[in-house]
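Single-letter residue listing:
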Amino acid sequence: QLTERLQDQTLDDTFGWGAIFAAQLRNDSSVSGHGLLLTGPDGCGKHTAAAHMMKLLHAEGYDSVVLDGSALSDLELSVAKQCLDGLFDHFYDQGKGLCLCLEEMEGCVYRRQIMNYLGKTLNNCRFFPEDLTPVYVILIDNQEGIPQGLRSMLRLCRLGLPDMEHRSAFLKIKGKMV
């Protein structure tokens, strides 16, 4: 499983996202019905930041599933929603929380509809936690323009490319590991 593989990895935290997310989890009474919107240019560390949060959520009883927007585009909208419902039901039956990481949604034909659906799902998780699967969404996206219903549930994290100081810190850490 993805989350179990992450537990064995040492993730780079040069930018401090792991520490920031750990503090966020300590301060939040419930993570269900929330999530992250990770934006920034290619190579800025969005996937590493997502991995930090997935690893932290695993310790809270969540398993992670990563979906690509193009895979959802291959389905009819009603089928895509049924698949997501089935995923939520599976985790509910297992008694586990779900960290749903979505990437490359920019090219998804049903982008707006899927995001509206996820916004409603997160809202329901927030207000009816005892009846629904705990869900945390990580959206890795180059666009900040997402429907308000989902946007209001996600913490925006704008990542930038590393500067010389960050690259030096990264190389020092990686050099010690070799």
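Residues numbered from 1 in each chain as written. Predicted model: local features only at pLDDT ≥ 70, side-chain atom pairs only at ≥ 80, totals over all residues. Heavy atoms only, no water.

Student: Give a description of unusual backbone geometry that names residues and reports values.
Tutor: Of all residues except glycine, most have a negative phi; of all peptide bonds, most are trans. For Glu 104, which is not glycine, the phi torsion reads 55° and is therefore positive. Residue placement: Glu 104 occurs in the loop between β3 (97-103) and α6 (111-127). (Helix = DSSP H or I, 4+ residues; strand = E, 2+ residues; numbered from the N terminus.)

Student: I'd like a description of the nonpolar core, backed by residues and values.
Tutor: Counting 28 residues, the largest nonpolar core has Leu 100, Ile 114 and Leu 139 as its most contacted members. Aside from chain neighbours lying at most four places away, what touches Leu 100 is Val 65, Leu 67, Leu 84, Leu 87, Phe 88, Leu 118, Tyr 136, Val 137 and Ile 138. Ranked by size, the runner-up nonpolar core spans 20 residues in total, among them Val 31, Met 54, Cys 99 and Leu 159. (Core = buried A, V, L, I, M, F, W, Y, C linked by side-chain atoms within 4.5 Å. Buried < 20%, exposed > 50% of the residue type's maximum accessible area, 1.4 Å probe, protein only. Contact = heavy atoms within 4.5 Å.)

Student: Describe in detail a nonpolar patch on the surface, supporting the description with residues and values.
Tutor: Together, Phe 127, Phe 128 and Leu 132 line one region of the surface with nonpolar side chains, adding up to about 300 Å² of accessible area. With respect to the element layout, Leu 132 can be found in the loop between α6 and β4 (135-140). Look at Leu 132 and you get partly exposed, because its relative accessible area is 33%. (Patch = residues over 30% accessible without salt bridge, like charges linked within 9 Å, V, L, I, M, F, W, Y side chains within 5 Å. Areas by Shrake-Rupley, 256 points an atom, 1.4 Å probe, with all protein chains shown as cover. Salt bridge = Lys/Arg side-chain N within 4 Å of Asp/Glu carboxyl O.)

Student: If you had to explain the packing of helix α2 (residues 17-27) against helix α3 (residues 46-58) to someone new, which residues and values would you point to?
Tutor: With their axes 9 Å apart at the nearest point, α2 and α3 run at an angle of 40° to one another. Along this stretch, α2 crosses α3, giving a crossing that reads as right-handed. Across from Trp 17, Gly 18, Phe 21, Ala 22, Gln 24 and Leu 25 in α2, the residues of α3 making contact are Ala 49, His 52, Met 53, Leu 56 and Leu 57. Looking at side-chain class alone, the contact of α2 with α3 contains eight nonpolar, three polar and no charged residues. (Axes fitted to C-alpha atoms, helices over the stretch in contact; angles between N-to-C directions. Left-handed = near helix turned anticlockwise from the far one by under 90°. Nonpolar A, V, L, I, M, F, W, Y, C, P; charged D, E, K, R; others polar.)

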